[in-house]
Every structure is written in C-alpha cells, then in structure tokens.
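So the chains spell out like this:
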Amino acid sequence: MPKLPRPARPRVIVTRRLTPGVEQRMVELFDTVLNPTDTPMSRDQLAAAMADCDVLVPTVTDHIDAALIDAAPERLRMIASFGNGVDHIDLGTARRKGIIVTNTPGVLTDDTADMTMALIIAVPRRLAEGEKLIRSGAWQGWSPSGMLGHRIGGKTLGIIGMGRIGQAVALRAAPFGLSVVYHNRHRLPESVERATHATWVESLDELLSTADFVSINCPLNDESRGMIDARRIALLKPDAYLINTSRAEVYDEEALIEALETGRIGGAGLDVFAHEPAVDPRLLTLSNVVLKPHMGSATIEGRNATGDKVIANIRTWVDGHRPRDQVLEGLF
C-alpha cells in the first residue's frame, strides 16, 4: 500500500503545555491541538490523540509503548518528541510501522550540566539543610562547628556517560579543582579528553570505588537500565556522593536509599525518581540528600529552544526531507 502524501498543514497534537511562544508558532504553522490544562494524558487519551493526528508531540511523561503504536492508524506518520530522551517511545515498533521519531538533542546540555554542578556543590556543603535551618527559625548564629560540610576541591569526580552533558559537566568541574575521570561505552578521542581534562576509566567498578563524586549522565537504554545495582552501589566510598540528573532507572533506587539511610555513603543529589511524580517517602526524611523535581533542564531558554527544534523537525518532514533529529533504533 503506498504511503499517504505528506499534508501541507499537518494536524499536530501536543500532549503537554509548552512555552507560549512555541505554542503560538505551532498554531500558526500547523493544525495544532494544544493541552491548555497541562494535565498528563491517560493511556486512552494518548490512543485517541494518535488516531486523530499526523504528528504527535509527546514529552518524557508520555509512555508510547508498542501496543499504542501498533494500534495507531496509518495517518500517524511522525512522533516529534519534546526532549532529548527517547526511552519512553518504542522505537522498534515505530520503525516497523514507518513512523518517524525525532528528538531534540543538544539544546538542554548546558542547563542540565549547570544543575549537575549545582548538586555537586549543594550536597557536600549542606546548602539545602542550611536553607531549611534558616526558614525553621532554629538557627542560633554562626559557630566554628556549625553546619560543617566538605570541600570539593582536590576531590575526584567520576562521570558515567561522557556524551554532550557529561563533557559539559567535566568542563564545569575543572575550575572547582575537581579531577575528572569518566566511564563510557567507548573511549573518547584524545583531543576531547584534553579539552575536558578527563581521564578514561575502562572499568565502571573501578570508577565507582575510587571517585568522591559520581555523576550519572548516560541515557537510559537496555544497556544502562539497572546498571548501578546493589553490588555496585556497595562499591561506593563511605564518603562518596551520588548525583543523578539522567534517569532513576539507571540504578537500584531501593539499594541507594538503604545506603543513604545507613550512612553507607555520604549523600546524594537527585533530580529524577523511579516513580515520578511520586517520591519514596524515605528520601524526604534524609538530611544527606538534596531533592529536585526533575528540573535539570527547566530554563525558559532551554524550553524555547526545544520547541524550536520540534517545529523544525516537523517542517522538514512536511517539506519532504528527513528531519535532522530523526532517531534511529539502536543509537540510544
């Protein structure tokens, strides 16, 4: 059966609220249906949306699995995801049905790296605890032994995943006096290692057992899911800090909580959680953890740039070309 022609003004359904400027441009360019309430769509609502559009614009909160894609009619030709990660979309099924999937790489690199660096500083220096102390009214003033934390200069930062974000974190870490080591599926070119002041560690176990700070910056895929299990969490040094601005599914959250509760490790800075938006209540009681509501990439500039990429990908497809940010199965 020949493919349907690409519509000059495709029907585009957006699953979540975007920035006003991006929404306005989408309405001007496409037959766009927005989500003014920003309420996450149910599975049935996603199925209905996929049956009524040429292009779906989901976000990381929308799980577009094989069954949903299989049930979608031929009209659905493109899934233009708003965000970099694509672990919420079944790429294999989309490819089999001839549905193009795009993402928005690169635009959130600096924002996420900034948040990672902020957590690297905040956790050992007890910034969240200090802020809470002030607000509680219990602060009695400065004292030589009050609110003591740990300096970060002279320590080792281990980065897991040395892609765009990992490299940006490394560049930010060096001026703070951190030595940077990294673990990646493949070693980076020597020129990149020199530019980022980073040293490759072939063994993930070695990185975990020697680093003072461990930053998770790898994408979530079949290889990384559950990669940092209970055994590997036990390798962390007693005063080590785990920082995660990637995906919670990369590690065993239960094992991490146990390590934090028992003081087995120094602390953690977490921007993502296993069952978002629910957060394990045990984490809320721990003073050695800084918790952020998945806001690593949450800047106005970043959200606008992400929307611009979504629009560019759709327009490129409408014009009959392959979108620059098309995701090919197996690359992530």
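Residues numbered from 1 in each chain as written. Predicted model: local features only at pLDDT ≥ 70, side-chain atom pairs only at ≥ 80, totals over all residues. Heavy atoms only, no water.

By the definition in use, this model includes 1 aromatic pair. An angle of 20 degrees between the planes, with centres 5.4 Å apart, marks the rings of F213 and Y241 as stacked. One end of the pair, F213, is in strand β9 (residues 213-216); the other, Y241, is in strand β10 (residues 241-244), with 28 residues separating them in the sequence. (Phe/Tyr/Trp six-rings, centres within 6.5 Å; stacked < 30°, edge-to-face > 60°. Helix = DSSP H or I, 4+ residues; strand = E, 2+ residues; numbered from the N terminus.)

By domain assignment, the protein separates into domain 1 (11-103 + 299-319) and domain 2 (109-291). Centre-to-centre separation of domain 1 and domain 2, based on C-alpha positions: 32 Å. (Domains from an automatic or database assignment.)

Relative orientation of the contacting elements helix α1 (residues 20-29) and helix α13 (residues 300-318) amounts to 15 degrees, with a least axis distance of 9 Å. Of the possible angle classes, the one that applies to α1 and α13 is roughly parallel. Like other packed secondary-structure pairs, α1 and α13 cross with a definite hand, here right-handed. The segment α1 lies against α13, with V22, R25, M26 and L29 engaging R303, N304, G307, D308, V310, I311 and R315. Its residues assigned to classes, the contact of α1 with α13 comprises 5 nonpolar, 2 polar and 4 charged. (Axes fitted to C-alpha atoms, helices over the stretch in contact; angles between N-to-C directions. Parallel < 35°, antiparallel > 145°, perpendicular 65-115°, else oblique. Left-handed = near helix turned anticlockwise from the far one by under 90°. Contact = heavy atoms within 4.5 Å. Nonpolar A, V, L, I, M, F, W, Y, C, P; charged D, E, K, R; others polar.)

All right, on to the pairing of β10 then. Burial of β10 is two-sided: the residues Y241 and I243 facing one way and the residues L242 and N244 facing the other way are all buried. With helix α11 (residues 253-261) bridging β10 and the parallel strand β11 (residues 267-270), this β-α-β connection has right-handed handedness. (Buried < 20%, exposed > 50% of the residue type's maximum accessible area, 1.4 Å probe, protein only. Right-handed = clockwise from strand over helix to strand, strands pointing away.)

Moving on, we get to the UniProt feature "domain: D-isomer specific 2-hydroxyacid dehydrogenase NAD-binding" (unreviewed entry) in the protein. This chain's UniProt record puts "domain: D-isomer specific 2-hydroxyacid dehydrogenase NAD-binding" (unreviewed entry) on residues 117-296. Along residues 117-296, the helical share is 32% and the strand share 16%, with 10 Å between the first and last C-alpha atoms. (UniProt positions renumbered as here; feature names shortened; annotations may be inferred.)

What follows covers the pattern of salt bridges. Across all of its chains, the model carries 23 salt bridges by this definition. For R172, the salt bridge identified is with D114, shortest N-O distance 2.7 Å. With R172 in helix α7 (residues 164-173) and D114 in helix α5 (residues 109-122), this residue pair connects regions lying 58 residues apart in the sequence. Using a relative accessible area of 22% as the deciding quantity, one classes R172 as partly exposed. Counted as one network, the salt bridges with shared partners bring together R11, D31, D52, D54 and R75. (Salt bridge = Lys/Arg side-chain N within 4 Å of Asp/Glu carboxyl O.)

The next point concerns the nonpolar core. With 33 residues, the main nonpolar core has I160, V214, I216, Y251, L256, L260 and L270 as its most contacted residues. Looking at this core, the elements with two or more residues in it are α9 (204-210), β9, α11 and β11. In terms of residue count, α11 provides more of this core than any other element does, 5 residues in total. Aside from chain neighbours lying at most four places away, what touches V214 is G158, I160, L207, L208, L236, Y241, L242 and I243. Within the second largest apolar cluster, 25 residues are counted, among which are I152, V169, A170 and A173. (Core = buried A, V, L, I, M, F, W, Y, C linked by side-chain atoms within 4.5 Å.)

Moving on, we come to α11. Of the positions making up α11, those classed as buried are E253, A255, L256, I257, A259 and L260. Of the surrounding elements, those touching the buried residues of α11 are α10 (230-233), β10, β11, α12 (281-284) and β12 (289-291). Between the side-chain oxygen at the start of α11 and the backbone nitrogen of E254 there is a gap of 3.1 Å, and the oxygen is on D252. Following α11 by one or two positions, G263 adopts a phi angle in the positive range, close to 70 degrees. (Polar contact = N/O pair within 3.5 Å; in protein donor to acceptor, adjacent residues only side chain to side chain.)

On the secondary structure map, T245 appears in the loop between β10 and α11. The exposure class of T245 is buried, given its relative accessible area of 10%. Separated by 64 residues in the primary sequence, T245 and V181 have C-alpha atoms spaced 18 Å apart. A polar contact of 2.8 Å, which involves the side chain of T245, links it to the side chain of T116. For T245, the side chain forms a polar contact with the side chain of N217, separated by 3.4 Å.

Once that is clear, we can look at the sheet that holds strand β5 (residues 100-102). Here 5 strands make up an open sheet; going across it, the order is β2-β1-β3-β4-β5 and the pairing parallel. One side of each edge strand has no neighbouring strand; the edge strands of this open sheet are β2 (31-33) and β5. With strand direction ignored, the average angle separating the axes of adjacent strands in the sheet is 15 degrees. In the sheet, strand β1 (residues 11-14) pairs with strand β3 (residues 55-57) via 3 bridges, with the strands oriented parallel. What sits directly across from V12, in β3, is V55. Sitting on the sheet, α13 is in contact with β1, β3, β4 (78-80) and β5, with an inclination near 160 degrees to β4. (Pairing = 2+ DSSP bridges.)

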